[in-house]
Amino acid sequence: MGFQCGIVGLPNVGKSTLFNALTKTAAAQAANYPFCTIEPNTGEVAVPDPRLNDIARIAKSANIVPTRLTFVDIAGLVRGASKGEGLGNQFLANIREVDAIAHVLRCFEDDDITHVDGRIDPIADAQTVETELMVSDLESLERRLAPLKKKATGGDKEAKAVIPIMEGALALLQEGKPARLLDVSTPEEKKILDGLNLLTTKPILYVCNVEEGSAGTGNSQSERVKAMADAEGAACVVISAAIEAEIAQLDESEQADYLETMGLTEPGLDRLIRAGYDLLELITYFTAGPKETRAWTIRKGTKAPQAAGVIHTDFERGFIRAQTIAFDDYVALGGESGAKEAGKARDEGKEYVVKDGDVLLFKFNT
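A short tour of the structure in this document, coming up. (Residues numbered from 1 in each chain as written. Predicted model: local features only at pLDDT ≥ 70, side-chain atom pairs only at ≥ 80, totals over all residues. Heavy atoms only, no water.)

Further remarks concern helix H4 (residues 122-153). If you check H4, its first and last C-alpha atoms are 46 Å apart, about what 32 residues at 1.5 Å a residue would give, namely 46 Å. Following H4 by one or two positions, Gly-155 adopts a phi angle in the positive range, close to 95°. (Helix = DSSP H or I, 4+ residues; strand = E, 2+ residues; numbered from the N terminus. Expected span 1.5 Å × (residues − 1).)

Shown next, in the form of C-alpha cells:
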C-alpha cells in the first residue's frame, strides 16, 4: 500500500533543496532499510518511530524495518498553470496522482535569491497555487456536470447521487473556496467527493521554509502561515531547507552535534515526514519476532483482516483472528509472554479496528 505526498511550490521557495535533502536522507537510510528511487523525482523515506527500537529490543529482533512514505517533487508552478502556462499541464497531472500536498512556502529573506513576484509573501504564494488548482477543478466540474444531468434525467441512480455533491463543490469553487471545505455528512457522500478526484479536496500541509536562525521557533512570516492553516483546518510545519541540506551530508554522530549547535532536538525532516503521515490519516501497527520487528502502514479505521492484507493478500483472504497487544502493554510487560501472562494479549476477530501501536500476530488459513 503506497501513499504519496507531493511537494509543490513556486520557484525559489526551497522546494528542490528540501526534496534533495529528503532523498539524500533516504539514500543514507539505504544501508539499513529498504529504499528505492522510483523515478528521478520520487523517493521513499523511513517514517521515524522510536517505538520500533523498543519493540525490537524486547523481541530480540535481528532486523528493524520501518514503514515508509513516498515524497514526489512535482514540476514547478507558475501563474496560469491551469491554462497550460509553463509546466502547468504536467504540474496538474502530477498533483492529481498524489494523496496529499506538502506546499513549501518561502518565509525567509535573501537578496541573493529572487522571488518570482519580487516580494516575500507566503500567504500570496499559497493563494497563487490554490487559485490555479481551483480554476482547474472549476473547469473540470463544469465540463462533467451537463452530461451527468442528462444521465440523471434518464433515470441513472448513480448520476442522481453524484450531482448534489458536484454542485456543492462547484458552488464553493465559484466563491473562490477549495472543494475540501464542502460539508459531507456521510461516508457515502465522502466517497462520492473523493471519486471526483478534485485537486482542491486533497489534504494540505504548509511547509514554512525559514532562515537558519528561525528553524526552532519560526518567524513572523511562518506565524502568518500558521494562522492561515488553523483557519483552513490544514497542517503546518516549520523547517529550514538550508539546515536540512547540511544535515543530509553528515553521518549520524555528526548530525547530533550539528543539531545541538543549532539548538534543535531533531531534524526538521523528521517532523515533516510525521506531519505528512498524519495528514494522510495513517497509523502504524507492528509485527515482532526474532527475525525482525517491522512497522506497517494502514489508514485509520482499518479492520484486522484488511490490516493483515497489507502484509500479504493470503493473510486477508484466510484471516481467522489477530493476537493483539497494545504497545504500552508490550513494553511494560516485557513482550508477548509477559502480556499473555497478564491477560493483555487479546484475540480479536474480523470486526476489530486496529489501533495505532498495536503489536499483532495474525492467524490465518491458506
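Moving on, we get to the sheet that holds strand S2 (residues 42-46). The strand order across the open sheet built from six strands is S2-S4-S1-S5-S6-S7, with neighbouring strands paired in mixed fashion. Two strands in the sheet have a free side with no partner beyond their single neighbour: S2 and strand S7 (235-239). Mean inter-strand twist for the sheet, computed between neighbouring axes without regard to direction, equals 25°. Of the pairings in the sheet, the one linking strand S6 (residues 204-209) to S7 comprises five bridges and is parallel in character. When the bridges of S7 are listed, Val-207 appears paired with Val-237. Sheet strands touched by helix H7 (residues 220-232): strand S5 (100-106), S6 and S7. Its angle to S6, the strand with the most contacts, is close to 175°. Its contacts with the sheet put helix H10 (residues 268-279) on S2, strand S4 (68-73), S5, S6 and S7, and the angle it makes with S7 is roughly 170°. (Pairing = 2+ DSSP bridges. Axes fitted to C-alpha atoms, helices over the stretch in contact; angles between N-to-C directions. Contact = heavy atoms within 4.5 Å.)

Our next topic: the packing of aromatic side chains. Given two aromatic rings, their pairing is described by the distance between the two centres and the angle made by the two planes. Scanning the model with the defined rule gives three aromatic pairs in all. Consider the rings of Phe-319 and Phe-362, whose centres lie 6.3 Å apart with planes at 65°: the pair is edge-to-face. With Phe-319 in strand S10 (residues 319-325) and Phe-362 in strand S12 (residues 359-364), this pair connects stretches of sequence that are 43 residues apart. You'll find Phe-319 and Phe-362 in the same group, each marked buried. Cluster of aromatic residues (ring-pair linked, three or more members): Tyr-285, Phe-319 and Phe-362. Across the ring face of Phe-327, the terminal group of Arg-51 is positioned such that the distance to the ring centre comes to 6.0 Å. (Phe/Tyr/Trp six-rings, centres within 6.5 Å; stacked < 30°, edge-to-face > 60°. Buried < 20%, exposed > 50% of the residue type's maximum accessible area, 1.4 Å probe, protein only. Lys NZ or Arg CZ within 6 Å of the ring centre and 35° of its normal.)

The next point concerns the pattern of salt bridges. Taken as a whole and assessed by the stated rule, the structure comprises 18 salt bridges. Notably, a salt bridge pairs Asp-73 with Lys-15, separated by 2.8 Å at the nearest N-O pair. Here Asp-73, found in strand S4, pairs with Lys-15, found in helix H1 (residues 15-29); they are 58 residues apart in sequence, far enough to count as distant. Like Asp-73, the residue Lys-15 is buried in the burial classification. Note that Asp-347 and Arg-321 form a salt bridge whose closest N and O atoms lie 3.3 Å from each other. Residue Asp-347 is located in strand S11 (residues 346-348), and its partner Arg-321 is located in strand S10; the two are separated by 26 residues in the primary sequence. A relative accessible area of 48% places Asp-347 in the partly exposed class. Linked through salt bridges whose partners overlap, the residues forming this network are Asp-49, Arg-51 and Asp-356. (Salt bridge = Lys/Arg side-chain N within 4 Å of Asp/Glu carboxyl O.)

Now for the environment of Val-353. With respect to the element layout, Val-353 can be found in the loop between S11 and S12. Expressed as a C-alpha distance, the spacing of Val-353 and Ala-304, which sit 49 residues apart in the sequence, is 6.1 Å.

Here we take up the packing of helix H5 (residues 157-174) against helix H6 (residues 187-195). Where H5 contacts H6, the axes come no closer than 10 Å and their chain directions differ by 75°. Classified by the angle their axes make, H5 and H6 are roughly perpendicular. Counted together, Ala-161, Val-162 and Ile-165 of H5 and Glu-189, Ile-192 and Leu-193 of H6 form the full contact between these two elements. (Parallel < 35°, antiparallel > 145°, perpendicular 65-115°, else oblique.)

Quick look at the environment of Val-104 now. Residue position: Val-104 is located in strand S5. Classification of Val-104 as buried rests on a relative accessible area of 1%. Along the primary structure Val-104 and Cys-208 are separated by 104 residues, whereas in three dimensions their C-alpha atoms are 6.1 Å apart. Look past the residues within four positions of Val-104 in its chain and what remains in contact with it is Ile-7, Val-8, Gly-9, Val-13, Gly-14, Lys-15, Leu-18, Val-207 and Asn-209.

What follows is about the pairing of S5. Summarising burial for S5: seven of the seven residues are buried, a large majority. Residue alternation in S5 divides its side chains into two sets, Ala-100, Ala-102, Val-104 and Arg-106 and Ile-101, His-103 and Leu-105, and both sets are buried. Inspection of the sheet shows strand S1 (residues 4-8) paired to S5 by four bridges, in the parallel sense. The residue bridging Cys-5 from the neighbouring strand is Ala-100, located in S5. Bridge count between S5 and S6: six bridges; the pairing is parallel. Note that in S6 the partner of Arg-106 across the bridge is Asn-209.

Once that is clear, we can look at the layout of surface pockets. In this structure, the second largest pocket occupies an estimated 770 Å³ of space. Together, 24 residues line the second largest pocket, and Lys-190, Asp-194, Thr-201, Lys-202 and Pro-203 are the ones closest to its centre. Looking at the lining of the second largest pocket element by element, the count peaks at three residues for H6. Here the lining of the second largest pocket is composed, by residue class, of 12 nonpolar, three polar and nine charged. (1 Å grid on protein atoms, 1.4 Å probe; cavity = no way out; pocket = protein on both sides within 12 Å on 5 of 7 lines; lining within 4 Å. Points joined across faces, edges and corners; volume = space filled by probe spheres on them. Nonpolar A, V, L, I, M, F, W, Y, C, P; charged D, E, K, R; others polar.)

In protein chemistry, a disulfide is the covalent bond that joins the sulfur atoms of two cysteines. Per the counting criterion, the structure on display carries zero disulfides. Just so you know, Cys-107 is unpaired, no disulfide at all, and the nearest cysteine sulfur is the one on Cys-208, 4.2 Å from it. The thiol sulfur of Cys-236 is not disulfide-bonded, and the nearest other cysteine sulfur, from Cys-208, lies at 3.7 Å. Looking at Cys-236, the relative accessible area reads 25%, which means it is partly exposed. (Disulfide = S-S within 2.5 Å.)

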